[in-house]
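# Chains, contacts and geometry: an overview
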Amino acid sequence: MDFNQIIDRTGTQCCKWDAQECYQNGGVIPMWVADMDLPAPDEVVEALKKRAEHPIYGYPHDDGSFAKILQQWILKRHGWLVDTSHIISSPSVLTSMAIFIHAVSEPGDEIIIMSPVYYPFTDYIVNNDRRVRRCSLICEDGKYQIDYEELEKSAARKRVKALLLCNPHNPVGKVYTRSELEKVAEICIRNEIFVFADEIHSDLIMPGYHHTPFANLSPEVEQITVTGYSMAKTFNLAGLQTSAVVVSNDKLRDKLLGFRRAWGLFNVNNFALVAFETAFQYGENYVDELTAYLAKNRDFVVSFLKEKLPMLKCSELQGTYLMWIDCSGLTMTDEELAVFFKEKAGLALDEGVLFGPGGEQHMRMNIGCPRSRLEEAMKRLETAVKRSERNDG
């Protein structure tokens, strides 16, 4: 794949580039939403073209290949043999998360999240009349760890029913080790807490790290876990709105299927079905090339900041393509940081405060883009910081 090519996305009804005029005219480079500016696999593009050539787009029929292909992918890439009857299709991982929340809790119950974390986690808990129970991650020297003592206290609360686990973690980029996950599992099992494992970034792991599916820790853990998978991040196909969840617990799976029927979530989109099956069947080389490219992008940013902007620090990016930048060295308020990056540096990043407690003084940057664009972004940031320092002086 030629990931260095610049592809003009403006005018494609693309949220990332078309949401604001300043993104389209070059004044601001959008590096916010987790949507890469890198092409999808050639095999997927060709399969979609072939399907589009047929002039009738009727109701799709899944002949079972959807689950079978995903089963083989998970087994080969992550060593977990999933029963195909345990796989349920869904428009998105977040849709499945909402169904999960309804299936395992009642209004007023509490759901644990580990802050700072992907902000829809909070939204989906609150918007479904549940309460957020935060168990903030501990950060020491840019490295994040789970606060097991706080997790123990939270899990013991009477109305806590579930944990939303993000692994790899968005936004801090951490890939949990097996031993870390085993500690979480032990606490959840002992307190009869269900876990939604959002593993949407699990195929984008940096060299030297390894993803462990939470549900694959043991048969007992598998029974309390719902695992979300998607082609959205792995193959940059977010706009096709199709994902899957693995639910091994029969009673819980029946509940999820019941909510899916009640909410009218039936067929997978024609084109999404083609893309999903093609990507997971033929996309292994693509993922290997993509991960290697993203690792080099990460290394470039780390080296650039260390040499040119040492007051900015990045947590160690172990998985995902989202870099978590500690901007406290700029001595700005969170409001000032947001203005500085967009209006002074010409970069649209996600503000750290969106991700909850622990996100203060941080910005999240999407490095899933051609190297030349990343280089331009870093030069803009360097210029803006130096100009600010001169003005302060």
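Residues numbered from 1 in each chain as written. Predicted model: local features only at pLDDT ≥ 70, side-chain atom pairs only at ≥ 80, totals over all residues. Heavy atoms only, no water.

The subject of this paragraph is the sheet that holds strand E14 (residues 350-351). Across the sheet, four strands lie side by side as E11-E12-E15-E14; this open sheet has antiparallel pairing. The strands lining the two open edges of the sheet, one partner per strand, are strand E11 (313-314) and E14. When E11 meets strand E12 (residues 322-326), the two strands line up antiparallel, connected through two bridges. Paired with Lys313 across the bridge in E12 is Asp326. (Pairing = 2+ DSSP bridges. Helix = DSSP H or I, 4+ residues; strand = E, 2+ residues; numbered from the N terminus.)

Here helix H12 (residues 284-308) spans 36 Å end to end across 25 residues, near enough to the 36 Å set by a 1.5 Å rise per residue. All of the buried residues along H12 are Tyr286, Val287, Leu290, Thr291, Tyr293, Leu294, Ala295, Asn297, Arg298, Val301, Phe304 and Leu305. Contact partners of the buried residues in H12: helix H4 (65-78), E11, E12, strand E15 (362-366) and helix H14 (371-392). (Expected span 1.5 Å × (residues − 1). Buried < 20%, exposed > 50% of the residue type's maximum accessible area, 1.4 Å probe, protein only. Contact = heavy atoms within 4.5 Å.)

Moving on, we come to the packing of helix H5 (residues 93-104) against helix H10 (residues 250-262). The geometry of H5 relative to H10 is characterised by a closest axis approach of 9 Å and an angle of 120° between their N-to-C directions. Classed by the angle they form, the pair H5 and H10 counts as oblique. Regarding H5 and H10, the two cross each other, and that crossing is right-handed. Residue-level inspection shows Ile99, Phe100, His102, Ala103 and Val104 of H5 in contact with H10, the latter providing Leu252, Lys255, Leu256, Phe259 and Arg260. (Axes fitted to C-alpha atoms, helices over the stretch in contact; angles between N-to-C directions. Parallel < 35°, antiparallel > 145°, perpendicular 65-115°, else oblique. Left-handed = near helix turned anticlockwise from the far one by under 90°.)

What follows concerns the pattern of salt bridges. Scanning the model with the defined rule gives 22 salt bridges in all. Linking Asp37 and Arg9 is a salt bridge whose minimum nitrogen-to-oxygen distance equals 2.8 Å. A residue pair is termed long-range when its members are at least 10 positions apart, and Asp37 in the loop between strand E1 (29-30) and helix H3 (42-53) and Arg9 in the segment before helix H1 (15-18) qualify at 28 residues. Assigned by exposure class, Asp37 and Arg9 land together as buried. We note a salt bridge from Glu152 to Arg190, for which the minimum N-O separation is 3.0 Å. With Glu152 in helix H7 (residues 148-155) and Arg190 in helix H8 (residues 178-190), this pair connects stretches of sequence that are 38 residues apart. Overall, the relative accessible area of 31% leaves Glu152 in the partly exposed class. Three or more residues are tied together by salt bridges with common partners; here these are Arg9, Lys16, Asp35, Asp37 and Arg373. (Salt bridge = Lys/Arg side-chain N within 4 Å of Asp/Glu carboxyl O.)

Quick look at the nonpolar core now. Core analysis: the largest hydrophobic core is formed by 69 residues, its most contacted members being Met31, Phe235, Leu330, Phe341, Met365 and Leu381. The greatest single-element share of this core, amounting to nine residues, is contributed by H12. Counting 27 residues, the second-largest nonpolar core is a separate cluster that includes Cys135, Ala185, Phe214 and Val221. (Core = buried A, V, L, I, M, F, W, Y, C linked by side-chain atoms within 4.5 Å.)

Assignment of secondary structure puts His201 in the loop between strand E8 (194-198) and helix H9 (219-222). His201 sits 120 residues away from Tyr321 along the chain, and the two C-alpha atoms are 8.7 Å apart. Those residues in contact with His201 that sit more than four places away from it in its chain are Pro168, Asn170, Lys233, Thr320, Tyr321 and Leu322.

Sheet strands associate in pairs through backbone hydrogen bonding, adopting either a parallel or an antiparallel arrangement. What the seven strands build is an open sheet, ordered E2-E10-E9-E8-E7-E3-E4; its pairing is mixed. Lying at the two open borders of the sheet, with one neighbouring strand each, are strand E2 (87-90) and strand E4 (131-134). Adjacent strand axes in the sheet meet at a mean angle of 25° when their direction is disregarded. Strand direction decides the pairing type here: E8 and strand E9 (residues 225-230), joined by four bridges, are parallel. Counterpart to Asp198 in the pairing with E9 is Gly228. The sheet strands contacting H5 are E2, strand E7 (160-166), E8, E9 and strand E10 (243-247), and the helix crosses E8 at an angle near 175°. Against the sheet, H10 contacts E2, E8, E9 and E10, and its axis sits at roughly 25° relative to E2.

The subject of this paragraph is the pairing of strand E3 (residues 110-113). The alternating pattern of E3 places Glu110 and Ile112 on one face and Ile111 and Ile113 on the opposite face, and all of these are buried. Of the strand pairs in this sheet, E3 and E4 are connected by four bridges, and their pairing is parallel. By the bridge assignment, Glu110 is partnered in E4 with Arg131. Taken together, E3, helix H6 (residues 120-127) and E4 form a β-α-β motif whose crossover is right-handed. (Right-handed = clockwise from strand over helix to strand, strands pointing away.)

The subject of this paragraph is the packing of aromatic side chains. Applying the stated criterion across every chain, the model contains 18 aromatic pairs. For the pair Phe235 and Phe280, a centre-to-centre distance of 5.2 Å together with 90° between the ring planes defines the contact as edge-to-face. Here Phe235, found in the loop between E9 and E10, pairs with Phe280, found in helix H11 (residues 270-282); they are 45 residues apart in sequence, far enough to count as distant. Here Phe235 matches Phe280 in class, with each residue buried. When the ring of Trp324 is compared with that of Phe355, the centres are 5.5 Å apart and the planes differ by 80°; the resulting orientation is edge-to-face. (Phe/Tyr/Trp six-rings, centres within 6.5 Å; stacked < 30°, edge-to-face > 60°.)

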